[in-house]
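The residues making up each chain are set out below.
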Amino acid sequence: MAQDLKVRGLCWGPHPARRIIEEISFDVSAGSTTVIVGANGAGKSTLLRSIYRQNRPDAGQVMVGGRDIWQIPARDSARLIAAVLQEVAPDFAFTVQEVVAMGRIPHHDSLFSRRRADDAIIAQALSDFELADFADRPFSGLSGGEKQRALLARAIVQQPQLIVLDEPTNHLDIRHQLEIIQMLRRLDMTVLVTLHDLNLAAALADQVLVMRDGRICALGPPKAVLTPDTIRTAFEVAADIDCHPRTGRPRFSFDLLP
Ligand SMILES: Nc1ncnc2c1ncn2[C@@H]1O[C@H](COP(=O)(O)OP(=O)(O)OP(=O)(O)O)[C@@H](O)[C@H]1O
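An unreviewed UniProt entry annotates the chain as Iron complex transport system ATP-binding protein originating from Paracoccus alcaliphilus. According to UniProt, the comment filed for the chain under the heading Sequence similarities (unreviewed entry) is "Belongs to the ABC transporter superfamily."

Another point: the sheet that holds strand 9 (residues 207–212). Strand pairing in a sheet relies on backbone hydrogen bonds. The paired strands run either parallel or antiparallel. Pairing in this open sheet of six strands is mixed, and the strands run 6-7-8-3-9-10 from one edge to the other. Of all strands in the sheet, those bounded by a partner on one side alone are strand 6 (81–84) and strand 10 (215–220). Sheet twist, expressed as the mean angle between neighbouring strand axes with direction ignored, is 15°. Here strand 3 (residues 33–38) runs beside strand 8 (residues 190–194); their pairing, made up of four bridges, is parallel. Bridge pairing in strand 8 places valine 35 opposite valine 193. Along the sheet face, helix 5 (residues 144–157) touches strand 6 and strand 7 (162–166) and points at about 180° away from the line of strand 6.

Here we take up the sheet that holds strand 1 (residues 5–12). Taken in spatial order, the four strands of this open sheet run 2-1-4-5, and their pairing is antiparallel. Edge positions in the sheet fall to strand 2 (21–28) and strand 5 (67–68), since each of these pairs with one other strand and no more. Pairing geometry for strand 1 and strand 4 (residues 59–64), over five bridges, is antiparallel. Bridging across to strand 4, leucine 5 finds its partner in valine 64. Sheet strands in contact with helix 1 (residues 44–51) are strand 1, strand 2 and strand 4, and its direction is about 115° off that of strand 1.

Cut-off values and rules
Residues numbered from 1 in each chain as written. Predicted model: local features only at pLDDT ≥ 70, side-chain atom pairs only at ≥ 80, totals over all residues. UniProt positions renumbered as here; feature names shortened; annotations may be inferred. Pairing = 2+ DSSP bridges. Helix = DSSP H or I, 4+ residues; strand = E, 2+ residues; numbered from the N terminus. Axes fitted to C-alpha atoms, helices over the stretch in contact; angles between N-to-C directions. Contact = placed C-beta atoms within 7 Å.

Structure below.
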């Protein structure tokens, strides 16, 4: 069962005099998807780091299913939250199957135990992400997009309540980008994801959170939030928005400001 996410008054900075994110509060209801967008350096990845328990917040709370993830053991939070990050260890000395299988570790008593049921979960993920043919190949030899799919598969086999993804469509070709978006829409999990592509954001989001200079500058459903004014404020570009003739979703094109 997916659980809801509540973020309250979250602040973090590398030292007390420099806050990168300030007073961030928002909710993601159980099973829904929130997409975070914003210009380079707006604080998107920094916000995610306090949510998946990498940066301990200076102030504020992150609650998943009513549990403050900074107040429970790391192992318990690993059962609640999976993260797919931009920063990938350059040389995992493991096969693709071993990397995907790592997602099961939070469910085990020891690092090396594995249950028979795990094999079916891992095989399904390898198949869903078109990785079955790569299963025995070294992870380090994969292309950027194949690595990204393997890391997504690892997060899915973790069977978390909340999945946090930082730019998961980076490195992916157009078909794989669309497939990842479709796959994320079908997940029975609460999803928090950063995306740069506003067309993909509008296709995926129940709610869009726009960040600027470490703060929330807009929050709400895609059509209400992704307006020319907000886009101009957040990205300093002019946006034209029309309606996609087939899907009915907003469609964006951009220009530099005069
Ligand atoms: N540990 C740190 N020490 C100092 N500055 C940091 C630290 N972490 C992040 N920053 C700075 O905070 C700002 C926000 O960074 P962050 O990576 O969160 O932005 P972002 O919105 O994810 O950007 P991008 O779209 O480029 O990935 C940047 O200016 C970054 O250099």
